[in-house]
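Summary of the model geometry
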Amino acid sequence: MASDGAAAAPAKATPKKANLLDPHSIKHLLDETISDVVKSKGYAEDTRLGNWKLAIGAAVIAVALLAQFYPKKFPQNREFLLGCIAIYVVLNLVLLILSYTKEKDAIMFTHPPSGSFNSTGLVISSKLPRFSDMYTLTIASADPQSISANKPVHFTKSVTKWFTKEGVLVEGLFWKDVERLIDDYNSERKSK
C-alpha cells in the first residue's frame, strides 16, 4: 500500500476515498482523477460523442412517448405502432454501435491543447479487470489516421500503489504517474 506520508494532492484539500473491496468504486475514482489531470495539462474535453448519444436517446424517448400517447386506440393504430417499434429498435442499435465502435473503454475524449500544432485530441481509456488489482491506462490519438497521430502509450500498475489501507487515494503519486504518461505520449510526438 502507498504510504500516508506521500506527496499531497495537487487539487483538493478533502481526500478522495474509495471502498477497496469494490473495484467499480476504485476505477470510478481513478477515472475521475485522470479527467482532472488531463484537464490540468491543457486538454479540453470533447463532448461531441456524448451529445450525439444524448440526442439519439432523446429521440428514442420521443418515439416511445409518441407510441404510448397516440390518440387512436390499438386496432386502428397498428401500422403506426409497428413503425414506432421499428424506429425504436433502429435508434437503440445505433446507440449500441456507437458504444462498441467509438467509445469502447474510453473515459474521456479531448480536443488538442490550445496553441498546439497537433490537430488531434486524445482518447483516454482504462481497464480494471474483475478480481484484479492491475489498472491499465491507455492514451491514444483521437484520430489514429492523422499525420499528427502518435503511437498509443499505456501503463499497467497495481492500484495498491495509489491507495492507503483506509482507501484514501494518494493523489500526488497518481497524478505523477498520469502526467508522466501524458508527457511520454507528447515526447514521442516530438521525437518523430
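Just so you know, these numbers come straight off a predicted model, no measurement behind them. (Residues numbered from 1 in each chain as written. Predicted model: local features only at pLDDT ≥ 70, side-chain atom pairs only at ≥ 80, totals over all residues. Heavy atoms only, no water.)

**Brief notes about the side chain of Thr136**
- Of note, Thr136 is situated in strand 3 (residues 134–141).
- Looking at Thr136, the relative accessible area reads 19%, which means it is buried.
- Within the local environment of Thr136, its side chain forms a polar contact with the side chain of Thr156, the two groups lying 3.0 Å apart.
- Aside from chain neighbours lying at most four places away, what touches Thr136 is Ser125, Ser126, Lys127, His154, Phe155 and Thr156. (Helix = DSSP H or I, 4+ residues; strand = E, 2+ residues; numbered from the N terminus. Buried < 20%, exposed > 50% of the residue type's maximum accessible area, 1.4 Å probe, protein only. Polar contact = N/O pair within 3.5 Å; in protein donor to acceptor, adjacent residues only side chain to side chain. Contact = heavy atoms within 4.5 Å.)

**Overview of the packing of aromatic side chains**
- If you walk through the whole model with that rule in mind, you get 5 aromatic pairs.
- Between the aromatic rings of Tyr70 and Phe80, the centroid separation amounts to 3.9 Å while the plane-to-plane angle is 20 degrees, which identifies the pairing as stacked. Residue Tyr70 is located in the loop between helix 2 (48–68) and helix 3 (78–103), and its partner Phe80 is located in helix 3; the two are separated by 10 residues in the primary sequence.
- A ring pair is formed by Trp162 and Phe174, whose centres lie 4.8 Å apart and whose planes are at 70 degrees; its orientation type is edge-to-face. Pair noted here: Trp162 is in the loop between strand 4 (153–158) and helix 4 (171–190) and Phe174 is in helix 4, with a separation of 12 residues, a long-range link. Of the two residues, Trp162 and Phe174, neither departs from the other in class, the shared state being buried. (Phe/Tyr/Trp six-rings, centres within 6.5 Å; stacked < 30°, edge-to-face > 60°.)

**Concerning the confidence of the model for the chain**
- Within the chain, residue pLDDT values average 85, and 91% of them lie at 70 or more.
- Here residues 3–9 is modelled with pLDDT under 50, and outside its nearest four sequence neighbours on either side it reaches 11 contacts, counting other chains as well. (pLDDT = per-residue confidence, 0-100.)

**Focus on a nonpolar patch on the surface**
- Nonpolar side chains collect at one region of the surface, where Leu82, Ile85, Tyr88, Val89, Leu93, Leu96, Ile97 and Tyr100 lie side by side and expose about 820 Å² of accessible area between them.
- Along the chain, the position of Val89 falls in helix 3.
- The class of Val89 is partly exposed, set by a relative accessible area of 42%. (Patch = residues over 30% accessible without salt bridge, like charges linked within 9 Å, V, L, I, M, F, W, Y side chains within 5 Å. Areas by Shrake-Rupley, 256 points an atom, 1.4 Å probe, with all protein chains shown as cover. Salt bridge = Lys/Arg side-chain N within 4 Å of Asp/Glu carboxyl O.)

**Overview of the pairing of strand 2 (residues 122–127)**
- Taken across its 6 residues, strand 2 has 5 buried, putting it largely inside the fold.
- Two elements, strand 1 (residues 106–109) and strand 2, share 3 bridges in a ladder whose sense is antiparallel. Within strand 2, the position partnered with Ala106 by the bridge is Ser125.
- In this sheet, strand 3 lies alongside strand 2 in antiparallel orientation, the contact comprising 6 bridges. Residue pairing across strands places Ser125 opposite Thr138, the latter belonging to strand 3.
- Counted between consecutive antiparallel strands, the loop separating strand 2 from strand 3 contains 6 residues, among which Phe131 sits at a positive phi close to 60 degrees. (Pairing = 2+ DSSP bridges.)

**With respect to unusual backbone geometry**
- Although it is not a glycine, Lys104 sits at a positive phi angle of roughly 50 degrees.
- Judged by its relative accessible area of 61%, Lys104 is exposed.
- In this model, Phe131 sits at a positive phi of 60 degrees, which is unusual for a non-glycine residue.
- Among the structural elements, Phe131 can be located in the loop between strand 2 and strand 3.

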